[in-house]
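# Residue-level structural notes
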Amino acid sequence: MSEKKTREKIKVLMVGVDKSTGGGMWTVAENYIRSSAFRAAVDLTYIPSAVTGSIPKRLLFTARAYIRILIRLMGDRYDILHVHMAEKGSVYRKAIVMCMAKLFRCRILLHMHGAEFEDWYRHSGALNRRFVQRILNTADRVVILGRYWEGFLSSLLRAPEKLSVVYNAVPVPEKRQYNRQAKNFLFLGVAGKRKGIPDLLSALKCADRELDRDVRLIICGPDETGVEEEIRQIGLSHRAEYRGRIPAEERDALFSDIAVNVLPSYHEGLPMTILETMAYGIPNIATAVAAVPEAVDAGNGILITPGDVRALTDALILLSSDEELRLKKSVRAYETARQKFSLDGHITEIIQRYRELEQMK
């Protein structure tokens with residue numbers, strides 16, 4: 001490849017989810033879309049293939065996405081297809097897109113996000129497992145969010161060297177923004193059983209008498225279980241409030257009043273909510289699942305076992321009552337985010353993967 005070619009923008013078709021989903025996959029894609037450093041090196045077209053809503057709405061949205069993707073592939077010569085994939089329906093949707101891209105000789109970077117992908121795969125039938133393996137091996141590069149998945153996904157690839165770890169990342173401010181006067185807890189994510197909302201409310205109830213009167217739990221994100229009713233039924237209306245979805249542009253205002261982020265999930269990838277709060281300097285109480293321990297440790301937060309309500313209760317009380325400990329963990333959280341999960345470093349790594357794929361042509 002000529003030196004001139006390596007200096008040109010890389011033409012990338014990226015396929016992921018619609019912003020209405022509000023999850024980590026969209027946040028990752030949005031970081032690329034908004035990054036001036038990424039757009040300086042990449043000529044990006046982003047097409048979502050999944051949306052929230054009724055089944056007819058989702059099916060129609062996906063069908064229209066396929067038409068848009070096909071038109072783009074026929075009309076433009078893309079160097080790379082960058083596909084964001086989770087588990088279940090995401091695999092089948094993206095499999096069709098990957099097959100289309102192969103017809104037009106695009107190199108494929110498969111970006112794996114699924115918190116429950118391994119569990120879903122292992123409980124699938126033999127025919128589905130073979131199909132998943134075939135799709136994974138269609139990709140020219142496979143990016144995973146943490147070292148936790150290396151052994152499992154390597155076993156599914158005929159060429160394990162295709163696999164590489166690129167951590168999720170977030171913009172990290174030049175200085176730590178943590179408000180040492182803040183007292184509130186935050187839950188930021190889908191309010192449902194997988195993310196541990198019932199455990200969190202139970203722990204908050206147990207900790208109620210030990211917490212200062214003005215400490216509150218702020219719950220933000222899509223609601224799967226009727227969390228407002230749960231709060232009322234458990235008698236925590238004085239201690240917890242549900243605010244719904246919080247737009248990205250309102251995160252700073254939200255974080256300025258938060259002492260600790262709490263995410264007691266049962267299944268995860270590498271949650272963006274943990275990285276976003278760490279970048280602000282907010283320590284986390286989280287469960288030791290998937291790649292979470294690659295971000296949260298005893299120095300910058302507290303790790304517990306999923307479902308351990310007693311340990312969660314103790315962690316809430318400890319970090320609420322010990323300001324000096326919170327500040328120490330805040331400093332470490334910010335430094336971890338700056339050194340390991342900076343968006344600038346992530347963008348550099350992804351562009352390097354693109355360059356490697358270009359050189360395969």
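What counts, and where the lines are drawn
- Residues numbered from 1 in each chain as written.
- Predicted model: local features only at pLDDT ≥ 70, side-chain atom pairs only at ≥ 80, totals over all residues.
- Heavy atoms only, no water.
- Helix = DSSP H or I, 4+ residues; strand = E, 2+ residues; numbered from the N terminus.
- Rg over C-alpha atoms; globule rule 2.2 N^0.38 Å.
- Buried < 20%, exposed > 50% of the residue type's maximum accessible area, 1.4 Å probe, protein only.
- Contact = heavy atoms within 4.5 Å.
- Phe/Tyr/Trp six-rings, centres within 6.5 Å; stacked < 30°, edge-to-face > 60°.
- Salt bridge = Lys/Arg side-chain N within 4 Å of Asp/Glu carboxyl O.
- Core = buried A, V, L, I, M, F, W, Y, C linked by side-chain atoms within 4.5 Å.
- Polar contact = N/O pair within 3.5 Å; in protein donor to acceptor, adjacent residues only side chain to side chain.

## Quick look at the overall build of the protein chain
Of the regular secondary structure elements, the protein chain holds 15 helices and twelve strands. Taken over the C-alpha trace, the protein chain has a radius of gyration of 21 Å; the compact-globule value for 361 residues is 21 Å, and the two agree within 12%. With 361 residues in all, the protein chain has 55% of them scored as buried. By sequence separation, contacts in the protein chain at least 24 residues apart represent 72% of the contacts at least 6 residues apart.

## As for the side chain of Ser164
Mapped onto the secondary structure, Ser164 falls in strand 6 (residues 163-165). Among residues more than four places away in sequence, those in contact with Ser164 are Val142, Val143, Ile144 and Arg353.

## Digging into the packing of aromatic side chains
Counted by the stated rule, this structure contains eleven aromatic pairs. Ring centres 6.2 Å apart and planes at 75 degrees place the aromatic pair Tyr92 and Trp120 in the edge-to-face group. With Tyr92 in helix 5 (residues 89-103) and Trp120 in helix 6 (residues 117-122), the pair connects residues that are 28 residues apart, well separated along the chain. Looking at Tyr92, the relative accessible area reads 37%, which means it is partly exposed. The exposure class assigned to Trp120 is buried, which follows from its relative accessible area of 14%. Among the aromatic residues, those joined into a ring-pair cluster are Tyr92, Phe117, Trp120, Tyr121, Phe131 and Phe152.

## Structural notes on the pattern of salt bridges
Applying the stated rule across the entire model yields 23 salt bridges. Put simply, Lys11 and Asp43 hold a salt bridge, and the shortest N to O gap is 3.2 Å. Of this pair, Lys11 sits in strand 1 (residues 10-16) while Asp43 sits in strand 2 (residues 42-48), and the two are 32 residues apart along the sequence. Residue Lys183 pairs with Asp212 through a salt bridge whose shortest N-O separation is 3.7 Å. Of the two residues, Lys183 is situated in the loop between strand 6 and strand 7 (184-188) and Asp212 in the loop between helix 9 (197-207) and strand 8 (217-220); the sequence distance between them amounts to 29 residues. Judged by relative accessible area, Asp212 falls into the partly exposed class, the value being 42%. Salt bridges here are not isolated pairs; linked through shared partners, they connect Lys102, Arg107 and Asp140.

## Regarding the nonpolar core
As a rule of thumb, soluble globular proteins bury nonpolar side chains together. By size, the foremost hydrophobic cluster in this structure holds 124 residues, and its most contacted members are Phe38, Leu153 and Tyr354. Not counting residues up to four positions away in its chain, the partners in contact with Tyr354 are Ile10, Val12, Met14, Phe38, Val42, Ile80, His82 and Leu109.

## A few points about the side chain of His84
By secondary structure assignment, the location of His84 is in strand 3 (residues 80-85). Of note is the side chain of His84, whose polar atom sits 2.8 Å from the side chain of His113. Setting aside its immediate chain neighbours within four residues, His84 contacts Met14, Val15, Gly16, Met25, Val28, Ala29, Tyr32, Ser90, Lys94, His111 and His113.

Shape is all these values report; function is a separate question.
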